[in-house]
Each structure stands twice: as C-alpha cells, then as structure tokens.
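Structural overview
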Amino acid sequence: MRIAVMQDEAEVLGIERNLDAIDHAAQRAAADGAKILLTSELFTVGYAPYVLRDSLDISLLPGAHQRLSQIAAKHSIALVYSLPEITDAGWLITSTFVDDQGVELAHYQKVQLFGVEEHEVFTAGSNPPASFAYAGLRLGMVICFDVEFPEVVREASRRSVQLLLVPTAMGRGYEQVCTRLVPTRAMESQLFIAYANHSGSEAGFELAGTSVIAGADGTILAQAGAGSELLAADIDVSSLPRIRAEVPYLEQARKDLYAQWLTDK
C-alpha cells in the first residue's frame, strides 16, 4: 500500500485555510496512488495550546470533522487527522481515521502529553493505541510524544498493528526523534511507522519538519526536510514475517518476567 505524509505550516485558528491545505494534499496524494494520507497533530486548528484554549470557537469542530470526511470521500483516499476533543473530563488531543468514503473507523486520544502548555490545557487519555483493519492491513494510531515511549509502540505491536500512524507537532532541536528514535521504535517493535510533523512557525513555536516513514527493520523509507513537503512510500507488510523471524524480538520477549520486575521493590 502506498501512503502519504503531509508536512506543512498550519495557520493558528485558520481552520478554513488549513482544511484547504489538507484538501490540496489529499488531491496530490491520491493522484500519486496513495491510499492513506496522514496529517500532523492539531493541523486543522494549528498547534498552539494556549491560543486554542483562549480563542478557539469549539462550535466549529463538528463542521471540521464533517469537512475532513468530505475531503476523504472527494479524493477517494483514507485520511488521518487530528483535532481537539472537548469532554466532561477536559480537552483532549485526538486523531481520527476515516476511510476513502469518509466513514470513521477509529479514534484515539493522546496518552502522553508533552510540555507545560499541553499539561495546562489538555487532559491525557488512557486508552491503548488504536488498532483496526483497513484494506487488508492492521493499522494503529498514537500521537506525537506517545511514540517516544517504547511501551506504547510495543503495545501497538502486541495488538497486531502493522503500520502505526502518528500525527505530531515536534519543535526544532528535537530532529533526532525523526532521524533516530522513530526508526528505532519501528525496528524494536517490528512494524512500519509513518510520522507527520508540521513545518514553519505557529504562534511563535518553531516546528522541526523532518517527517519520516520508517520500515519495520529500521530503514528510513522517506524523510522530509524542514519545509512544506508531501512524502510517500510503499508499505509491504509481506516483509514482516521475514523481519520478525530474523530477529525475534516479539516472539522471545519475556513479558511475564518483565511484569514481575515491575512489582519488585
């Protein structure tokens, strides 16, 4: 399956402009043969937690969901997008997967919040990585800082995920997450990872770009630079049995022993 990753600079609170950018990327990705387009964390509203808390008109969120489903259906491409979710427990950062007809198949709430702003504005989710079937693949979703915890990615693998889709908003100075950590996570949990970051500057926050698609053996299949870019790579899950047999991390993991260690004082 060919997948695409959209890297671009969002306009904070510029929902219509950002939706138009996703629409254009979906058109380009579909024309290139991609079956899934992954967008970055909170791209539709812009990544600026304090501004969102203070100024976002939350009545616009249902319409944004609807428009994103329409974009997927219009271009016959599945879409991963990220929006805030307002619940009785507070604001959460979420990602949603809609299929090529715009039908929602999965929804995920970010578990690992990063930095002062996220902790002050948002509430952490508690559900495990999303795991769902689409077009003959087992897909999964986590968000941004989640992927930096090996336990989270290994849990996705334990749930049979073959391709993990990760919207992110990662600042400059942390490019090693894309160039080193994400490929390592893919290798140690033996799944493909697509990781979509912003570029440019949003509310004074400088974004690092360097989005990546990593193979299950740690190979970098596609890597962006610092600016706006549309990445693409072909995902061949038929390689997974060979990769997992050559280095049997998953088969030989001593999960019961590790669980026992957690109870040791």
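Note that the structure is a prediction, hence the values are computed from the model and not measured. (Residues numbered from 1 in each chain as written. Predicted model: local features only at pLDDT ≥ 70, side-chain atom pairs only at ≥ 80, totals over all residues. Heavy atoms only, no water.)

Overview of the packing of helix 1 (residues 15-31) against helix 3 (residues 61-75)
Interhelical geometry of helix 1 versus helix 3 gives an angle of 20° and a closest axis separation of 9 Å. The pairing of helix 1 with helix 3 is recorded here as roughly parallel in orientation. For the pair helix 1 and helix 3, the sense of crossing is right-handed. Taken together, the residues of helix 3 that come into contact with helix 1 (itself represented by E16, L19, D20, I22, D23, A26, Q27 and A30) are A64, R67, L68, I71, K74 and H75. (Axes fitted to C-alpha atoms, helices over the stretch in contact; angles between N-to-C directions. Helix = DSSP H or I, 4+ residues; strand = E, 2+ residues; numbered from the N terminus. Parallel < 35°, antiparallel > 145°, perpendicular 65-115°, else oblique. Left-handed = near helix turned anticlockwise from the far one by under 90°. Contact = heavy atoms within 4.5 Å.)

Some thoughts on unusual backbone geometry
Here the phi dihedral of A135 falls at roughly 50°; this positive angle occurs in a residue that is not glycine. Relative to the assigned elements, A135 resides in the loop between strand 6 (130-134) and strand 7 (137-141).

Comments concerning the confidence of the model for the protein
Chain-level pLDDT for the protein is 97 on average; 100% of the residues reach the 70-or-more range. Of all helices and strands in the protein, the one with the weakest mean pLDDT is helix 9 (residues 255-263) (91), whereas strand 2 (residues 36-38) scores best (99). (pLDDT = per-residue confidence, 0-100.)

Here's the deal with the layout of surface pockets
In this structure, the largest pocket encloses a volume near 510 Å³. Lining the largest pocket are 15 residues; nearest its centre among them are E151, R154, A253, K255 and Y258. At the level of secondary structure, the elements contributing two or more residues to the lining of the largest pocket comprise helix 5 (150-158), helix 6 (176-189) and helix 9. With six residues, the top contributor of residues to the lining of the largest pocket is helix 5. For the lining of the largest pocket, the per-class residue count stands at seven nonpolar, two polar and six charged. By volume, the second largest pocket amounts to about 330 Å³. Considering the residues around the second largest pocket, the lining is formed by 20 residues, among which Y47, F114, A169, G171 and F205 are closest to the centre. Across the lining of the second largest pocket, the residue classes tally to 14 nonpolar, two polar and four charged. (1 Å grid on protein atoms, 1.4 Å probe; cavity = no way out; pocket = protein on both sides within 12 Å on 5 of 7 lines; lining within 4 Å. Points joined across faces, edges and corners; volume = space filled by probe spheres on them. Nonpolar A, V, L, I, M, F, W, Y, C, P; charged D, E, K, R; others polar.)

Some details on the packing of helix 5 against helix 6
Contact geometry for helix 5 and helix 6: axes closest at 9 Å, N-to-C directions at 45°. One finds that helix 5 runs oblique with respect to helix 6. Of the two possible hands of crossing, helix 5 and helix 6 adopt the one that is right-handed. Listed contacts from helix 6 to P150, V153, R154 and S157 of helix 5 are R185, E188 and S189. Of the residues assigned to the contact of helix 5 with helix 6, the class counts are two nonpolar, two polar and three charged.

Topic: the sheet that holds strand 8 (residues 163-167)
Sheet architecture is open: six strands sit in the order 6-7-8-9-12-13, paired in mixed fashion. In the strand order of this sheet, the two ends are held by strand 6 and strand 13 (220-223), each with one partner. Adjacent strand axes in the sheet meet at a mean angle of 15°, parallel and antiparallel pairs treated alike. Inspection of the sheet shows strand 7 paired to strand 8 by three bridges, in the parallel sense. By the bridge assignment for strand 8, M141 is matched with L165. Relative to the sheet, helix 6 contacts strand 9 (192-196), strand 12 (212-214) and strand 13, its axis offset from that of strand 9 by approximately 150°. (Pairing = 2+ DSSP bridges.)

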